[in-house]
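Observations on chain architecture
Chain by chain, the residues run as shown.
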Amino acid sequence: MSSVEKSFQAMKTREGRKVGASSWTLVDQGLVNEFAALTGDDQFIHLDESRAAAETPFGGTIAHGFLILSLISKFALEALPNDPDKSIRVNYGFDKIRFISPVMCGSRVRGHFALKNVGLSKPKELRQVYNVSIEIERFDRLALVADWILLTIFDN
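Residues numbered from 1 in each chain as written. Predicted model: local features only at pLDDT ≥ 70, side-chain atom pairs only at ≥ 80, totals over all residues. Heavy atoms only, no water.

Attention now goes to helix H1 (residues 3-12). If you check which residues of H1 are buried, you get Ser 3, Val 4, Ser 7, Phe 8 and Met 11. Buried residues of H1, viewed axially, fall in a sector of 130°; they line one side. The secondary structure elements touched by the buried residues of H1 are strand S4 (107-122) and strand S5 (125-136). (Buried < 20%, exposed > 50% of the residue type's maximum accessible area, 1.4 Å probe, protein only. Helix = DSSP H or I, 4+ residues; strand = E, 2+ residues; numbered from the N terminus. Arc of directions from axis to C-beta. Contact = heavy atoms within 4.5 Å.)

Structure below.
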């Protein structure tokens, strides 16, 4: 049995189940400022603490939604099992992304992953769809939910 077939069989048993969760990550004003500088998104709700407190319903600055989305890659490195036989795992895209609640600067977030489905997309490729949710510490609502598609490409 090839590496891709072994991995497919192992992953198929986890389909529909929670796979893992990451550790908490602090989303502080410094991280938000760096993301703003990198992307050019310098809207005041992310950068100006006084104005965001006075002029928004948030009471202070919030992280960019795309910053929180980008943390999925970091969280996946901790939470998803690593296949020692794989050649590479690549981001293939999303079927759905919903930004549920803003993340206040100074909050901690973590990612949760459940394997929605797995399939063979080519003879040496596994296509996995994960239900991803990002939790905000001590908050009742999630920051975001997404269906994230990964490809694992095998070299044998």
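Moving on, we get to unusual backbone geometry. A negative phi angle is the norm for most residues apart from glycine, just as the trans form is the norm for most peptide bonds. The backbone of Arg 138 sits at a positive phi, close to 60°, despite the residue not being glycine. Of note, Arg 138 is situated in the loop between S5 and strand S6 (142-153). Since its relative accessible area comes to 76%, Arg 138 is described here as exposed.

A separate point is helix H2 (residues 29-39). Every buried residue of H2 is accounted for by Gln 29, Val 32, Phe 35 and Ala 36. The arc that holds every buried residue of H2, seen down its axis, measures 125°, which confines them to one face. Exposed residues lying more than 90 degrees from the buried face of H2 are Glu 34, Ala 37 and Leu 38. Gly 40, located one to two residues past H2, shows a positive phi value of around 80°.

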